[in-house]
Amino acid sequence: MKTLTLNTFAAIAATLAIAIPAAHANEAKDAAAGKLLVKSDACFTCHGVSAAKIGPSFEDIAKKYAGKSEDAAEKAIEGEIKGGVKGTMMMAHPSISANDLDEIADWILSLKK
Ligand code: HEC
């Protein structure tokens, strides 16, 4: 049992060692993780991938930022998710981590490509 626990720990440590440096190097990987976050954060209640619901579709959000640099687009989207859009049903997510925000923004922006 002790060996199993150590092996499990080693496996988790190895996964983290691979995942952390790749977080910024690999946008595709970020985007995949971002999609999972969007699912678990219930964003799909109000945003479809291609269909508008209560809020705009994620494809339309990606399109809106198509003319901006990747950096500017990511910053704007991250700000809207974290701070919300005042006066609308888009609520703030003040406790979301910077890493999660980055992954979600990468996923949204990947939809325009
Ligand atoms: C209760 C419904 C609701 C939920 C849940 C929700 N949103 Fe929204 N969201 C909206 C609405 C409505 C707008 C449009 C606000 C406006 O009129 O500008 C919006 C706007 C946005 C925008 C800005 C779009 C733009 O025009 O630039 C982003 C990005 C966004 N949402 C991402 C998310 C993400 C990511 C989540 C999950 C963490 C989420 N939303 C959860 C309703 C929601």
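Data block above holds the structure.
The following paragraphs examine the structure supplied in this document. What you see is a predicted model; the values in this text were computed from it and never measured.

1. Focus on the overall build of the chain
The number of helices and strands found in the chain is five helices and zero strands. In sequence order, the secondary structure elements of the chain are arranged as α-α-α-α-α. Counting over 113 residues, the chain shows a buried share of 19%. Contacts in the chain between residues far apart in sequence, at least 24 positions, make up 53% of those at least 6 positions apart.

2. What to know about helix H2 (residues 27-40)
Between its terminal C-alpha atoms H2 stretches 20 Å, which fits the 20 Å expected from 14 residues at 1.5 Å a residue. At the C-terminal side of H2, Ala42 shows a positive phi close to 65°.

3. Here we look at the packing of H2 against helix H5 (residues 98-110)
It is at 7 Å that the axes of H2 and H5 come closest, and there the two elements cross at 100°. Considered as vectors, H2 and H5 are oriented roughly perpendicular to each other. Seen from H2, the contacting residues are Glu27, Asp30, Ala31, Ala33, Gly34, Lys35, Leu37 and Val38; seen from H5, they are Asp100, Asp102, Glu103, Ile104, Asp106, Trp107 and Ser110. When its residues are assigned to classes, the contact of H2 with H5 shows six nonpolar, two polar and seven charged.

4. Let's talk about the site of the ligand
Around the ligand sit 21 residues in total, of which Cys43, Cys46, Gly55, Thr88 and Met90 are the nearest. When contributions to the shell around the ligand are tallied by element, the ones reaching two or more residues are helix H3 (58-64) and helix H4 (70-83). A per-element tally of the shell around the ligand places H4 first, with three residues. Of the residues belonging to the shell around the ligand, the class tally is 13 nonpolar, five polar and three charged.

5. Some words on the nonpolar core
Counting residues in hydrophobic clusters, the biggest one holds 13 residues, and the most contacted among them are Ala62, Ile77, Ile104, Ala105, Ile108 and Leu109. If you list the elements that add at least two residues to this core, you get H3, H4 and H5. The greatest single-element share of this core, amounting to six residues, is contributed by H5. Those residues in contact with Ala62 that sit more than four places away from it in its chain are Ile108, Leu109, Leu111 and Lys112.

6. Things to note about the environment of Ala32
For Ala32, the position within the fold is in helix H2. According to the C-beta neighbour criterion, Ala32 is partly exposed, with 14 such atoms within 10 Å. The sequence separation of Ala32 and Glu103 amounts to 71 residues, and the corresponding C-alpha distance is 7.8 Å.

7. Examining the packing of H4 against H5
Relative to each other, H4 and H5 sit at 120°, their axes nearing to 9 Å. What the angle tells us is that H4 and H5 run oblique. As for the relative orientation of H4 and H5, their crossing is right-handed in sense. In this structure, H4 uses Glu70, Ala73, Glu74, Ile77, Glu78, Ile81 and Lys82 to contact H5, whose residues at the interface are Leu101, Ile104, Ala105, Ile108 and Leu109. Residues of the contact of H4 with H5, tallied by class, amount to eight nonpolar, no polar and four charged.

Parameters and conventions
Residues numbered from 1 in each chain as written. Predicted model: local features only at pLDDT ≥ 70, side-chain atom pairs only at ≥ 80, totals over all residues. Helix = DSSP H or I, 4+ residues; strand = E, 2+ residues; numbered from the N terminus. Buried ≥ 20, exposed ≤ 12 C-beta atoms within 10 Å, placed from the backbone. Contact = placed C-beta atoms within 7 Å. Expected span 1.5 Å × (residues − 1). Axes fitted to C-alpha atoms, helices over the stretch in contact; angles between N-to-C directions. Parallel < 35°, antiparallel > 145°, perpendicular 65-115°, else oblique. Nonpolar A, V, L, I, M, F, W, Y, C, P; charged D, E, K, R; others polar. Near = placed C-beta within 6 Å. Core = buried A, V, L, I, M, F, W, Y, C linked by C-beta atoms within 7 Å. Left-handed = near helix turned anticlockwise from the far one by under 90°.

In short, geometric facts, not functional conclusions.
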